[in-house]
Amino acid sequence: MVADKKDKRQKREEYRAAMRQEGASELPRKKFYRQRAHANPFSDHQLIYPPSPDHMDWSSLYPHYVVDAPQAQETLATETPVGQDLALVQPKRLTQDVEVADIGCGFGGLLVALAPTMPNTLILGLEIRVSVTQFVEDRIKALRAQSQEGLYRNASVLRANTMKFLPNFFRKAQLSKIFICFPDPHFKVRKHKQRIVSTTLNSEYAYVVRPGGVVYTITDVPDLHEWMVQHFEAHPSFERVSEEEQDADPCVHIMRTETEEGKKVERHKGQKHVALFRRLDDPVW
(Lines give C-alpha, C1' and ligand atoms only; values in the text may rest on other atoms or scores of the structure.)
Protein backbone atom coordinates (compact mmCIF):
# COMPACT_ATOMS: atom_id res chain seq x y z
CA MET A 1 0.00 0.00 0.00
CA VAL A 2 2.84 2.39 0.88
CA ALA A 3 4.57 1.57 -2.40
CA ASP A 4 1.33 2.24 -4.33
CA LYS A 5 0.97 5.68 -2.71
CA LYS A 6 4.60 6.46 -3.54
CA ASP A 7 4.13 5.41 -7.14
CA LYS A 8 1.02 7.60 -7.49
CA ARG A 9 2.79 10.57 -5.94
CA GLN A 10 5.78 10.06 -8.22
CA LYS A 11 3.52 9.83 -11.27
CA ARG A 12 1.77 13.06 -10.27
CA GLU A 13 5.09 14.87 -9.83
CA GLU A 14 6.45 13.59 -13.14
CA TYR A 15 3.27 14.57 -14.95
CA ARG A 16 3.25 18.09 -13.50
CA ALA A 17 6.94 18.53 -14.32
CA ALA A 18 6.19 17.58 -17.93
CA MET A 19 3.30 20.04 -18.02
CA ARG A 20 5.58 22.86 -16.86
CA GLN A 21 7.96 22.38 -19.77
CA GLU A 22 8.23 25.29 -22.17
CA GLY A 23 5.82 25.02 -25.08
CA ALA A 24 3.61 22.32 -23.54
CA SER A 25 0.15 22.65 -25.10
CA GLU A 26 -1.67 19.59 -23.78
CA LEU A 27 -4.51 20.43 -21.42
CA PRO A 28 -3.86 19.09 -17.91
CA ARG A 29 -5.84 16.18 -16.48
CA LYS A 30 -7.47 16.65 -13.10
CA LYS A 31 -6.56 13.21 -11.78
CA PHE A 32 -2.96 14.38 -11.42
CA TYR A 33 -3.98 17.44 -9.35
CA ARG A 34 -6.37 15.96 -6.82
CA GLN A 35 -6.61 17.64 -3.43
CA ARG A 36 -9.03 17.95 -0.53
CA ALA A 37 -12.14 19.90 -1.44
CA HIS A 38 -11.74 22.44 1.35
CA ALA A 39 -8.94 24.29 3.11
CA ASN A 40 -9.07 26.04 6.47
CA PRO A 41 -8.54 29.76 5.72
CA PHE A 42 -7.34 30.36 9.28
CA SER A 43 -4.46 27.89 9.00
CA ASP A 44 -0.91 28.88 8.17
CA HIS A 45 -0.55 27.94 4.49
CA GLN A 46 2.98 29.37 4.11
CA LEU A 47 1.76 31.90 1.57
CA ILE A 48 3.84 34.59 -0.09
CA TYR A 49 2.17 37.97 -0.40
CA PRO A 50 3.31 41.56 -0.96
CA PRO A 51 3.31 44.09 1.88
CA SER A 52 1.21 46.38 -0.34
CA PRO A 53 -0.21 46.43 -3.90
CA ASP A 54 2.65 48.67 -5.03
CA HIS A 55 5.09 45.86 -4.20
CA MET A 56 3.24 43.20 -6.21
CA ASP A 57 5.07 42.00 -9.32
CA TRP A 58 2.49 40.84 -11.87
CA SER A 59 4.98 40.31 -14.70
CA SER A 60 5.18 36.51 -14.35
CA LEU A 61 1.38 36.21 -14.42
CA TYR A 62 0.81 38.54 -17.38
CA PRO A 63 4.09 38.56 -19.32
CA HIS A 64 2.47 39.93 -22.48
CA TYR A 65 1.36 43.08 -20.63
CA VAL A 66 4.71 44.08 -19.14
CA VAL A 67 5.81 47.64 -19.88
CA ASP A 68 8.69 47.77 -22.37
CA ALA A 69 11.98 47.17 -20.56
CA PRO A 70 13.83 50.36 -21.65
CA GLN A 71 10.95 52.59 -20.56
CA ALA A 72 10.57 50.71 -17.29
CA GLN A 73 14.29 50.91 -16.54
CA GLU A 74 14.32 54.64 -17.26
CA THR A 75 11.44 55.15 -14.84
CA LEU A 76 13.14 53.05 -12.19
CA ALA A 77 16.37 54.97 -12.53
CA THR A 78 14.60 58.23 -11.69
CA GLU A 79 12.73 56.76 -8.71
CA THR A 80 15.29 54.49 -7.06
CA PRO A 81 17.43 55.88 -4.23
CA VAL A 82 21.18 55.35 -4.63
CA GLY A 83 22.40 52.03 -3.23
CA GLN A 84 18.99 50.29 -3.17
CA ASP A 85 18.06 47.14 -5.09
CA LEU A 86 15.79 47.90 -8.07
CA ALA A 87 13.85 44.65 -7.65
CA LEU A 88 13.08 45.49 -4.04
CA VAL A 89 12.02 49.06 -4.73
CA GLN A 90 9.90 48.78 -7.88
CA PRO A 91 8.50 45.61 -9.50
CA LYS A 92 7.97 45.37 -13.23
CA ARG A 93 4.93 47.33 -14.33
CA LEU A 94 2.03 46.26 -16.52
CA THR A 95 0.36 48.31 -19.22
CA GLN A 96 -2.89 48.01 -17.24
CA ASP A 97 -4.17 46.81 -13.88
CA VAL A 98 -6.05 43.65 -12.97
CA GLU A 99 -9.75 44.53 -12.93
CA VAL A 100 -11.63 41.25 -12.40
CA ALA A 101 -11.09 38.76 -9.56
CA ASP A 102 -12.54 35.28 -9.19
CA ILE A 103 -12.27 34.43 -5.49
CA GLY A 104 -11.93 30.70 -4.93
CA CYS A 105 -11.60 30.02 -8.64
CA GLY A 106 -11.35 26.24 -8.25
CA PHE A 107 -10.25 24.52 -11.46
CA GLY A 108 -10.60 27.72 -13.48
CA GLY A 109 -13.77 27.13 -15.48
CA LEU A 110 -14.99 30.69 -15.05
CA LEU A 111 -11.55 32.16 -15.79
CA VAL A 112 -11.11 30.44 -19.14
CA ALA A 113 -14.71 31.24 -20.13
CA LEU A 114 -14.45 34.94 -19.25
CA ALA A 115 -11.04 35.53 -20.84
CA PRO A 116 -12.15 35.42 -24.53
CA THR A 117 -15.27 37.49 -23.81
CA MET A 118 -13.24 40.22 -22.03
CA PRO A 119 -10.02 40.22 -24.11
CA ASN A 120 -8.99 43.73 -23.04
CA THR A 121 -9.40 43.12 -19.30
CA LEU A 122 -6.95 41.41 -16.95
CA ILE A 123 -8.68 38.64 -15.00
CA LEU A 124 -7.21 36.93 -11.94
CA GLY A 125 -8.26 33.73 -10.21
CA LEU A 126 -7.47 33.43 -6.50
CA GLU A 127 -7.22 29.93 -5.03
CA ILE A 128 -5.79 28.73 -1.72
CA ARG A 129 -5.19 25.05 -2.59
CA VAL A 130 -1.73 24.24 -3.98
CA SER A 131 -2.57 21.47 -6.45
CA VAL A 132 -5.68 23.21 -7.75
CA THR A 133 -3.73 26.42 -8.34
CA GLN A 134 -1.09 24.44 -10.24
CA PHE A 135 -3.81 22.86 -12.40
CA VAL A 136 -5.20 26.27 -13.37
CA GLU A 137 -1.68 27.56 -14.14
CA ASP A 138 -1.01 24.61 -16.44
CA ARG A 139 -4.48 24.91 -18.01
CA ILE A 140 -4.02 28.57 -18.88
CA LYS A 141 -0.50 27.95 -20.14
CA ALA A 142 -1.77 25.20 -22.46
CA LEU A 143 -4.65 27.33 -23.72
CA ARG A 144 -2.26 30.20 -24.48
CA ALA A 145 -0.04 27.82 -26.44
CA GLN A 146 -3.00 26.41 -28.39
CA SER A 147 -4.56 29.76 -29.27
CA GLN A 148 -3.63 31.19 -32.65
CA GLU A 149 -5.34 34.50 -31.84
CA GLY A 150 -3.36 35.22 -28.68
CA LEU A 151 -6.27 34.48 -26.35
CA TYR A 152 -6.03 33.75 -22.61
CA ARG A 153 -3.04 36.05 -22.14
CA ASN A 154 -5.31 38.25 -20.02
CA ALA A 155 -6.13 35.46 -17.54
CA SER A 156 -3.97 34.12 -14.74
CA VAL A 157 -4.16 32.54 -11.30
CA LEU A 158 -2.53 33.23 -7.96
CA ARG A 159 -2.36 31.16 -4.80
CA ALA A 160 -3.66 33.40 -2.04
CA ASN A 161 -5.85 33.57 1.03
CA THR A 162 -8.27 36.40 0.24
CA MET A 163 -9.81 36.29 3.70
CA LYS A 164 -6.50 37.53 5.07
CA PHE A 165 -4.63 39.32 2.30
CA LEU A 166 -7.00 40.76 -0.31
CA PRO A 167 -5.92 44.42 0.27
CA ASN A 168 -2.28 43.35 -0.08
CA PHE A 169 -2.85 42.70 -3.78
CA PHE A 170 -5.39 45.31 -4.87
CA ARG A 171 -5.51 49.06 -4.40
CA LYS A 172 -8.59 50.99 -3.38
CA ALA A 173 -11.26 50.94 -6.14
CA GLN A 174 -9.06 48.87 -8.47
CA LEU A 175 -11.55 46.12 -9.35
CA SER A 176 -14.67 46.37 -11.50
CA LYS A 177 -15.94 42.83 -10.80
CA ILE A 178 -15.57 40.19 -8.12
CA PHE A 179 -16.96 36.68 -8.59
CA ILE A 180 -17.77 34.45 -5.62
CA CYS A 181 -18.95 31.18 -7.17
CA PHE A 182 -20.19 28.22 -5.13
CA PRO A 183 -18.16 29.04 -1.99
CA ASP A 184 -17.78 26.54 0.83
CA PRO A 185 -21.11 26.75 2.73
CA HIS A 186 -19.63 25.81 6.14
CA PHE A 187 -22.96 24.46 7.35
CA LYS A 188 -22.07 24.23 11.05
CA VAL A 189 -22.81 27.41 13.00
CA ARG A 190 -19.40 27.35 14.66
CA LYS A 191 -17.82 27.51 11.18
CA HIS A 192 -19.87 30.42 9.86
CA LYS A 193 -16.90 32.66 10.64
CA GLN A 194 -15.08 30.88 7.80
CA ARG A 195 -17.64 31.92 5.18
CA ILE A 196 -16.21 34.11 2.44
CA VAL A 197 -19.04 36.63 2.84
CA SER A 198 -19.29 38.42 6.17
CA THR A 199 -19.64 41.91 7.59
CA THR A 200 -15.88 42.36 7.85
CA LEU A 201 -14.98 40.84 4.49
CA ASN A 202 -17.69 42.84 2.72
CA SER A 203 -15.91 45.98 3.86
CA GLU A 204 -12.75 44.72 2.18
CA TYR A 205 -14.69 44.04 -1.02
CA ALA A 206 -16.06 47.57 -0.79
CA TYR A 207 -12.49 48.84 -0.49
CA VAL A 208 -11.11 47.11 -3.60
CA VAL A 209 -14.23 47.45 -5.83
CA ARG A 210 -14.76 50.79 -7.56
CA PRO A 211 -18.11 52.62 -7.38
CA GLY A 212 -20.39 51.08 -9.98
CA GLY A 213 -18.51 47.78 -9.82
CA VAL A 214 -20.37 44.55 -9.13
CA VAL A 215 -19.91 41.57 -6.83
CA TYR A 216 -21.37 38.38 -8.36
CA THR A 217 -22.47 35.52 -6.11
CA ILE A 218 -23.89 32.09 -6.93
CA THR A 219 -24.55 28.98 -4.84
CA ASP A 220 -26.76 25.91 -4.79
CA VAL A 221 -27.28 26.17 -1.01
CA PRO A 222 -30.41 28.25 -0.17
CA ASP A 223 -29.23 29.01 3.36
CA LEU A 224 -25.89 30.33 2.11
CA HIS A 225 -27.65 32.38 -0.58
CA GLU A 226 -29.82 34.03 2.06
CA TRP A 227 -26.74 34.62 4.22
CA MET A 228 -24.89 36.39 1.40
CA VAL A 229 -27.90 38.49 0.43
CA GLN A 230 -28.50 39.47 4.04
CA HIS A 231 -24.90 40.53 4.65
CA PHE A 232 -24.47 42.47 1.40
CA GLU A 233 -27.82 44.26 1.72
CA ALA A 234 -26.93 45.24 5.28
CA HIS A 235 -23.67 46.80 4.14
CA PRO A 236 -23.95 50.55 3.38
CA SER A 237 -21.57 50.33 0.39
CA PHE A 238 -23.66 47.85 -1.62
CA GLU A 239 -27.11 47.61 -3.17
CA ARG A 240 -28.65 44.56 -4.80
CA VAL A 241 -28.90 44.59 -8.60
CA SER A 242 -32.42 44.10 -9.97
CA GLU A 243 -33.37 40.75 -11.48
CA GLU A 244 -33.98 42.38 -14.87
CA GLU A 245 -30.47 43.80 -14.98
CA GLN A 246 -29.07 40.58 -13.55
CA ASP A 247 -30.65 38.43 -16.27
CA ALA A 248 -29.33 40.78 -18.97
CA ASP A 249 -25.72 40.53 -17.74
CA PRO A 250 -23.76 38.11 -19.99
CA CYS A 251 -21.38 37.35 -17.12
CA VAL A 252 -24.25 35.81 -15.17
CA HIS A 253 -24.90 33.25 -17.92
CA ILE A 254 -21.21 32.33 -17.98
CA MET A 255 -21.14 32.06 -14.19
CA ARG A 256 -24.17 29.77 -14.25
CA THR A 257 -22.90 27.39 -16.92
CA GLU A 258 -19.09 27.35 -17.08
CA THR A 259 -17.87 26.69 -13.53
CA GLU A 260 -17.14 23.09 -12.56
CA GLU A 261 -19.51 23.33 -9.59
CA GLY A 262 -22.20 24.84 -11.79
CA LYS A 263 -21.94 21.92 -14.21
CA LYS A 264 -22.14 19.47 -11.30
CA VAL A 265 -25.31 21.14 -10.00
CA GLU A 266 -26.73 20.97 -13.53
CA ARG A 267 -26.04 17.22 -13.75
CA HIS A 268 -27.79 16.65 -10.44
CA LYS A 269 -30.77 18.80 -11.47
CA GLY A 270 -30.08 21.22 -8.62
CA GLN A 271 -31.07 24.86 -8.33
CA LYS A 272 -28.64 27.76 -8.63
CA HIS A 273 -29.22 30.91 -6.61
CA VAL A 274 -27.71 34.10 -8.04
CA ALA A 275 -27.40 37.57 -6.53
CA LEU A 276 -25.46 40.63 -7.72
CA PHE A 277 -24.49 43.64 -5.64
CA ARG A 278 -23.36 47.02 -6.97
CA ARG A 279 -20.78 49.12 -5.21
CA LEU A 280 -22.31 52.49 -4.31
CA ASP A 281 -20.56 55.84 -4.44
CA ASP A 282 -18.88 56.86 -1.22
CA PRO A 283 -20.82 59.48 0.72
CA VAL A 284 -19.62 63.06 0.61
CA TRP A 285 -17.44 63.93 3.59
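Within an unreviewed UniProt entry, the label attached to the chain reads tRNA (guanine-N(7)-)-methyltransferase, and the organism entered is Trichocladium antarcticum. Checking UniProt for the chain, the heading Sequence similarities (unreviewed entry) contains the comment "Belongs to the class I-like SAM-binding methyltransferase superfamily. TrmB family." The chain has a UniProt comment under Subcellular location (unreviewed entry) that states "Nucleus".

(A) Examining the overall build of the chain more closely. Across its full length, the chain carries 11 helices and 7 strands. Here the chain holds 285 residues, and 49% of them are scored as buried. Element-wise, carbon and sulfur atoms account for 51% of the exposed surface of the chain, whose accessible area totals about 15,800 Å².

(B) Geometry of the sheet that holds strand E2 (residues 122-127). Overall, mixed pairing links the 7 strands, which are arranged E3-E2-E1-E4-E5-E7-E6 in an open sheet. With partners counted over all chains shown, the strands left at the sheet margins are strand E3 (155-159) and strand E6 (238-240), one partner each. Across the sheet, the mean angle from the axis of one strand to that of its neighbour is 20°, orientation sign disregarded. As defined by bridge partners, strand E4 (residues 175-181) adjoins strand E5 (residues 209-219) across 6 bridges and the pair is classed as parallel. Paired with Ile178 across the bridge in E5 is Val215. With respect to the sheet, helix H5 (residues 130-146) is in contact with E2 and E3, its orientation differing from that of E3 by roughly 160°. Its contacts with the sheet put helix H7 (residues 199-208) on strand E1 (98-103), E4, E5, E6 and strand E7 (273-279), and the angle it makes with E5 is roughly 135°.

(C) Structural view of the packing of helix H4 (residues 109-117) against H5. Between H4 and H5, the shortest axis-to-axis distance is 10 Å and the interhelical angle comes to 30°. Accordingly, the angle class assigned to the pair H4 and H5 is roughly parallel. H4 and H5 meet at a crossing whose hand is right-handed. Seen from H4, the contacting residues are Gly109, Leu111 and Val112; seen from H5, they are Val136, Arg139, Ile140 and Leu143. Across the contact of H4 with H5, the residue classes tally to 5 nonpolar, 1 polar and 1 charged.

(D) Representation of the UniProt feature "binding site: S-adenosyl-L-methionine" (unreviewed entry) in the chain. UniProt marks Gly104, Glu127, Ile128, Asn161, Thr162, Cys181, Thr259, Glu260 and Glu261 with the feature "binding site: S-adenosyl-L-methionine" (unreviewed entry), using the numbering shown here. By secondary structure assignment, the location of Asn161 is in the loop between E3 and helix H6 (162-169). Note on Asn161: relative accessible area 4%, which makes it buried. Tracing the backbone through its elements, the reader meets Thr162 in helix H6. What Thr162 contacts, discounting residues up to four positions off in sequence, is Ile103, Leu126, Ile196 and Glu204.

(E) Local environment of the UniProt feature "active site" (unreviewed entry) in the chain. UniProt marks Asp184 with the feature "active site" (unreviewed entry), using the numbering shown here. Locating Asp184 in the fold gives a position in the loop between E4 and H7. Residue classification places Asp184 among the partly exposed positions, given a relative accessible area of 23%.

Here is what the cut-offs are and how they apply
Residues numbered from 1 in each chain as written. Predicted model: local features only at pLDDT ≥ 70, side-chain atom pairs only at ≥ 80, totals over all residues. Heavy atoms only, no water. UniProt positions renumbered as here; feature names shortened; annotations may be inferred. Helix = DSSP H or I, 4+ residues; strand = E, 2+ residues; numbered from the N terminus. Buried < 20%, exposed > 50% of the residue type's maximum accessible area, 1.4 Å probe, protein only. Areas by Shrake-Rupley, 256 points an atom, 1.4 Å probe, with all protein chains shown as cover. Pairing = 2+ DSSP bridges. Axes fitted to C-alpha atoms, helices over the stretch in contact; angles between N-to-C directions. Contact = heavy atoms within 4.5 Å. Parallel < 35°, antiparallel > 145°, perpendicular 65-115°, else oblique. Left-handed = near helix turned anticlockwise from the far one by under 90°. Nonpolar A, V, L, I, M, F, W, Y, C, P; charged D, E, K, R; others polar.

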